[in-house]
Amino acid sequence: MKRLILIGWALLLAGGLASAQEVIMESGRFQKGDNPAWQAPDFADAAWPVLVLDKDWNQQGIQNTNGIGWYRIHVVVPSSLKKGVVEAIMLDLGAIDDSDETWFNGHLVGKTGRFPSDKGGYSGEWQQPRRYIVDPKWVNWDGENVIAVRVFNGGDPGGFYQRSARIVKPGLTDCVSLNLEKEKDGYTVVLSTAVKTAGTLKIEVADALTGQVESSKTQKVSLGSWKEKRLFVPLDHHKRLTVVYTDPRFEEEEVAQQITTPYILTPKAPATPRYNGPLVFGVRPGSPVIFRLAFSGEKPMKYAVEGLPEGVVLDPDKGVLSGTCTQAGDYPLVFTATNSKGSAKAAFTLKVGAQIALTPPMGWNSWNCWGLSVSQEKVMASAAAFINAGLADYGYSYINIDDAWEAEERNPDGTISPNEKFPDMKALGDWLHGNGLKLGIYSSPGDRTCGGYLGTLDHELQDAETWASWGVDYLKYDWCGYSKVFNASADHSVAANIRPYMKMQQYLREQPRDIFYSLCQYGNARVWEWGAFIDANSWRTTGDITDTWESLYTIGFKQQVGLHPYAGPGHWNDPDMLVVGKVGWSNNLRDSRLTPDEQYTHISLWSLLAANMLIGCDLSQMDDFTFNLLCNNEVNAVNQDILGRQAHKDVEEDGMQIWSRDLADGGKAVGIFNLNGQSVPTLLSGALAKIGLEAETVRDLWRQKDIPTEAQYMIPSHGVLYVKVK
Ligand code: GLA
């Protein structure tokens, strides 16, 4: 971007560089504490110390845990920002740790997260970008303006931290938003705007597979600032509704706002029983067997199992296997489920031996929805949904508690307890096991976790024993707090990266139960090369995922390339948890910001990658679209395929990528992904020929039907055509 430097302003005020397009604010005055008078533009703050905005306040000598502080930024806004069609400016403050309220010349212009005194209590939003629109009539053009930002910090660090703040000229996508509100028989399209706009609204309904447009209408819209327009569109939820708003006055890349409905592709499961779970289960000799037969269909159901080894029993009403088997070996079993509509059988192998996690783990984890606000009650709500909403009928079995379950201090004997949000871990474990589900927990090899809670350092054996006594079946062990120990030592070798993980593994293996061991160290020291050798069952290959296309694209399409040789039964690459459904990393949940097509891409790619399928949303509020994503038995069967081959990228061409993997039945799963900004018509036979495959028909896995290959399919922007070739 061209930047015109106005030195006079830079010297006088915090707003450092100003240009025709943006003003950069590198610092502001700061005061700990809270006082409503500090929002006033003329408040005398000259005695307040100056803090830079690209470093948190802890790094600048301010200790203010669980406290409030105010920034006051004095800035000249040049009238060059007024030119152009958008009659508004935007504050682009970066991210703030943790919640904020922001005033511009005494006018409240935005708020993100909640303060402890707010209804519902504190909720931090440290990852959220702050982009606030300011009405131009509040701006003192070419003169001094004051931005006052009230910040609450829950757990260090605190304050502005990401980068310098800016004032920019917003684009159409910043000022005009399109939303869809789901109604019984369709959607209400809501177009709302912070600025005056005159444009065209195009509403199109298409067949989700072929892209064939079934109806299309265009309407002229003219709205004043801070106004909205609402329009009802009747719709069958299998159709793909796309709404595009265009205002021709806006700049090129900002001409349109587009939104697509969460269209459902997975056919409804039949009322008769159908087996949807994995075809093998591994357990060590003498460890408790915990397995729930995953049959969909009308309940109640009766279950039977042939071939059970001595010591393992079935609850015929719940379909839950329990007990232990001391004799190693492969036990071929036949499952039967019967309901009033019919009956179904499934062939299965119980493998009693050294290896567990023979297929990638499927379950739920609290982090992407609740973040540090997790509680036993919230965990139970999702666990109950495993059974009531039917996720357990598709093989989901782990209920994993992430960070923030830990008490503030260890007990006098050095053991760890949960905090008051988790009144009874053992009871939670017992309830899960009684229903054939499993319990997961989180800790760090450091003295503190990522969220600042107690870690396991120097209490490894004690913690492993405590968790085993609660019935823990899965441990996510997060490097985070251990970096202090690591950085303090001169040894940064691969061995030093491995050491804390090996230590814990030894103690986990001493417990009288199988504990899935999940390494979380973001791919450091090429973990995929040694994870399996220290008997880890999965390892994170990347940093944390979030619900944006950028994050999904980087983690999924860039950082997994070349990792396929390292995955296999018992040990898996983990590209992080799912970001579909209602997520939010706090008490503030929202629908995933990924578009419906991006969500299909996400699940298809994780299915291909043999990735851990850990749901990250609140399941007590799951909608039909999310259920359709998570519970497509054919898509999940690829993820759970017993060969355990992870997909590799075969083709990358014109923004399209083809990934494929071999399956145990001799077939191949193939994902054709469109990473372009617009839909691309694709001749299926042509795409398959690029990877040497020829077939007249293939199975469309999302729609669960055979489709001809000599046909063009419209692959939506950021979407996928996911097929199985026999
Ligand atoms: C790290 C991990 C996340 C989550 C948090 C908890 O960021 O990568 O998955 O466990 O810590 O604090």
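Just so we're clear, the structure is a prediction, and the values are computed from it rather than from any experiment. (Residues numbered from 1 in each chain as written. Predicted model: local features only at pLDDT ≥ 70, side-chain atom pairs only at ≥ 80, totals over all residues. Heavy atoms only, no water.)

Engineer: What am I meant to see in the site of the ligand here?
Structural biologist: Within the structure, the ligand sits among Trp-367, Asp-402, Asp-403, Tyr-442, Cys-450, Gly-451, Lys-476, Asp-478, Cys-520, Tyr-522, Arg-540 and Asp-544. A distance of 2.9 Å separates an oxygen atom of the ligand from a polar side-chain atom of Asp-403. Side-chain polar atom of Arg-540 to an oxygen atom of the ligand: 3.2 Å apart, as the coordinates give it. Against a free-state accessible area of 300 Å², the protein chains account for coverage of 94% of the ligand. Classifying every residue of the shell around the ligand gives five nonpolar, one polar and six charged. (Near = heavy atom within 4 Å. Polar contact = N/O pair within 3.5 Å; in protein donor to acceptor, adjacent residues only side chain to side chain. Areas by Shrake-Rupley, 256 points an atom, 1.4 Å probe, with all protein chains shown as cover. Nonpolar A, V, L, I, M, F, W, Y, C, P; charged D, E, K, R; others polar.)

Engineer: In this structure, what is going on with the sheet that holds strand E5 (residues 67-76)? I would like to understand it.
Structural biologist: Within a beta sheet, neighbouring strands are joined by backbone hydrogen bonds and run either parallel or antiparallel to one another. With antiparallel pairing, six strands are arranged side by side in an open sheet as E4-E3-E5-E10-E7-E8. Each edge of the open sheet carries a strand with a single partner, namely strand E4 (50-52) and strand E8 (107-112). For this sheet, the mean inter-axis angle between neighbouring strands, taken without regard to orientation, is 30 degrees. Direction of pairing for strand E7 (residues 99-104) relative to strand E10 (residues 144-153): antiparallel, over a ladder of six bridges. Bridging across to E10, Phe-104 finds its partner in Ile-147. (Pairing = 2+ DSSP bridges. Helix = DSSP H or I, 4+ residues; strand = E, 2+ residues; numbered from the N terminus. Axes fitted to C-alpha atoms, helices over the stretch in contact; angles between N-to-C directions.)

Engineer: What am I meant to see in the sheet that holds strand E28 (residues 342-352) here?
Structural biologist: In spatial order, the strands read E21-E28-E27-E24; together these four strands make up an open sheet with mixed pairing. In the strand order of this sheet, the two ends are held by strand E21 (280-283) and strand E24 (302-306), each with one partner. Direction aside, neighbouring strands of the sheet carry axes that sit 25 degrees apart on average. As paired strands, strand E27 (residues 329-339) and E28 are joined by 11 bridges and run antiparallel to one another.

Engineer: Sorry if this is basic, but what is going on with the state of the cysteines here?
Structural biologist: As used in these notes, a disulfide is a covalent bond between sulfur atoms, one from each of two cysteines. Inspection of every chain in the model, using the stated rule, returns one disulfide. Each sulfur in the disulfide pair Cys-450 and Cys-480 lies 1.9 Å from the other. Around the S-S axis, the bridge from Cys-450 to Cys-480 shows a dihedral of about 80 degrees and counts as right-handed. With Cys-450 in the loop between strand E31 (438-443) and helix H6 (460-470) and Cys-480 in the loop between strand E32 (472-478) and helix H7 (483-488), this pair connects stretches of sequence that are 30 residues apart. The partly exposed category is assigned to Cys-450, whose relative accessible area is 45%. Given the relative accessible area of 22%, Cys-480 is considered partly exposed. With no disulfide of its own, Cys-520 lies 7.1 Å from the sulfur of Cys-450, the closest cysteine sulfur. (Disulfide = S-S within 2.5 Å. Buried < 20%, exposed > 50% of the residue type's maximum accessible area, 1.4 Å probe, protein only.)

Engineer: Explain the packing of H6 against helix H8 (residues 494-509) here, please?
Structural biologist: Angle between the axes and distance between the axes are the two parameters that describe a pair of packed helices. Viewed as axis vectors pointing N to C, H6 and H8 meet at an angle of 40 degrees, and their least axial separation amounts to 9 Å. Judged by the angle between their axes, H6 and H8 are oblique. Read as a crossing pair, H6 and H8 show a hand that is right-handed. Contacts from Glu-460, Leu-461, Ala-464 and Trp-467 of H6 reach H8 at Lys-503, Met-504, Tyr-507 and Leu-508. (Parallel < 35°, antiparallel > 145°, perpendicular 65-115°, else oblique. Left-handed = near helix turned anticlockwise from the far one by under 90°. Contact = heavy atoms within 4.5 Å.)

Engineer: I would appreciate a short explanation of the packing of aromatic side chains in the present structure.
Structural biologist: Think of a pair of aromatic rings as described by two things: how far the centres are apart, and how the planes are tilted against each other in angle. The full count for this structure, using the stated rule, is 37 aromatic pairs. Seen in terms of ring centroids, Tyr-477 and Tyr-517 are 6.3 Å apart; in terms of plane orientation they differ by 45 degrees. Their pairing is tilted. Of the two residues, Tyr-477 sits in strand E32 while Tyr-517 sits in strand E33 (residues 516-520), which places them 40 residues apart along the sequence. Ring plane angle 70 degrees and centroid distance 5.1 Å describe the contact between Trp-479 and Phe-486, whose orientation is recorded as edge-to-face. Site record: aromatic cluster; members linked through ring pairs are Tyr-275, Phe-281, Phe-291, Phe-295, Tyr-303, Phe-335 and Phe-348. (Phe/Tyr/Trp six-rings, centres within 6.5 Å; stacked < 30°, edge-to-face > 60°.)

Engineer: Can you walk me through empty space enclosed by the protein in this structure?
Structural biologist: Over the atoms, a rolled probe matching the size of one water molecule traces out where space is still vacant. Under the definition given, this model contains five cavities of 30 Å³ or more. Estimated volume of the largest cavity: approximately 400 Å³. In terms of lining residues, the largest cavity is bounded by 29 residues, among which Phe-281, Ile-290, Ser-397, Tyr-398 and Lys-438 are the most central. Secondary structure elements with two or more residues in the lining of the largest cavity: E21 and strand E22 (291-292). Considering each element in turn, the lining of the largest cavity owes the most residues, three residues, to E21. In terms of residue class, the lining of the largest cavity is made up of 18 nonpolar, six polar and five charged. (1 Å grid on protein atoms, 1.4 Å probe; cavity = no way out; pocket = protein on both sides within 12 Å on 5 of 7 lines; lining within 4 Å. Points joined across faces, edges and corners; volume = space filled by probe spheres on them.)

Engineer: I keep staring at the side chain of Ser-366 and nothing clicks. Help me out?
Structural biologist: Its place among the elements puts Ser-366 in the loop between strand E29 (362-365) and helix H3 (367-370). The class of Ser-366 is buried, set by a relative accessible area of 0%. Not counting chain neighbours up to four residues away, the residues in contact with Ser-366 comprise Gly-371, Val-374, Asn-400, Ile-401 and Asp-402.

Engineer: Whenever I open this one, the environment of Leu-439 confuses me. Can you help?
Structural biologist: Here Leu-439 lies in strand E31. Note on Leu-439: relative accessible area 0%, which makes it buried.

Engineer: For this particular structure, what's the right way to read the pairing of E8?
Structural biologist: Within a regular beta strand, the side chains point alternately toward one face of the sheet and then the other, so they alternate between its two faces. Alignment of E7 against E8, held across five bridges, turns out to be antiparallel. Bridging across to E8, Glu-101 finds its partner in Lys-111. The hairpin turn running from E7 into E8, its antiparallel successor, is two residues long, and Asn-105 in that turn takes a positive phi close to 45 degrees.

Engineer: For this particular structure, what's the right way to read the nonpolar core?
Structural biologist: In summary, soluble globular proteins display a tendency toward joint burial of nonpolar side chains. Membership of the largest hydrophobic core comes to 106 residues, with the highest contact counts inside it found for Tyr-396, Trp-405, Trp-606 and Leu-630. In terms of residue count, H8 provides more of this core than any other element does, six residues in total. (Core = buried A, V, L, I, M, F, W, Y, C linked by side-chain atoms within 4.5 Å.)

Engineer: How should I be thinking about H6 in this particular structure?
Structural biologist: Residues separated by three or four positions in an α-helix point in the same direction, a consequence of the helix having 3.6 residues per turn. Among all positions of H6, only Glu-460, Asp-463, Ala-464, Thr-466, Trp-467, Ala-468 and Trp-470 are buried. The inward-facing, buried residues of H6 contact helix H5 (425-434), E31, E32 and H8. Downstream of H6 by one or two residues, Gly-471 has phi in the positive range, about 95 degrees.

Engineer: Looking at this model, I keep getting lost on the layout of surface pockets. Mind explaining?
Structural biologist: Computed from the structure, the second largest pocket encloses a volume of approximately 1300 Å³. In this structure, the second largest pocket is lined by 47 residues; those nearest its centre are Gly-154, Leu-372, Gly-451, Gly-452 and Tyr-453. Mapped by element, the contributors of at least two residues to the lining of the second largest pocket are H3 and E32. Its residues assigned to classes, the lining of the second largest pocket shows 18 nonpolar, 15 polar and 14 charged.

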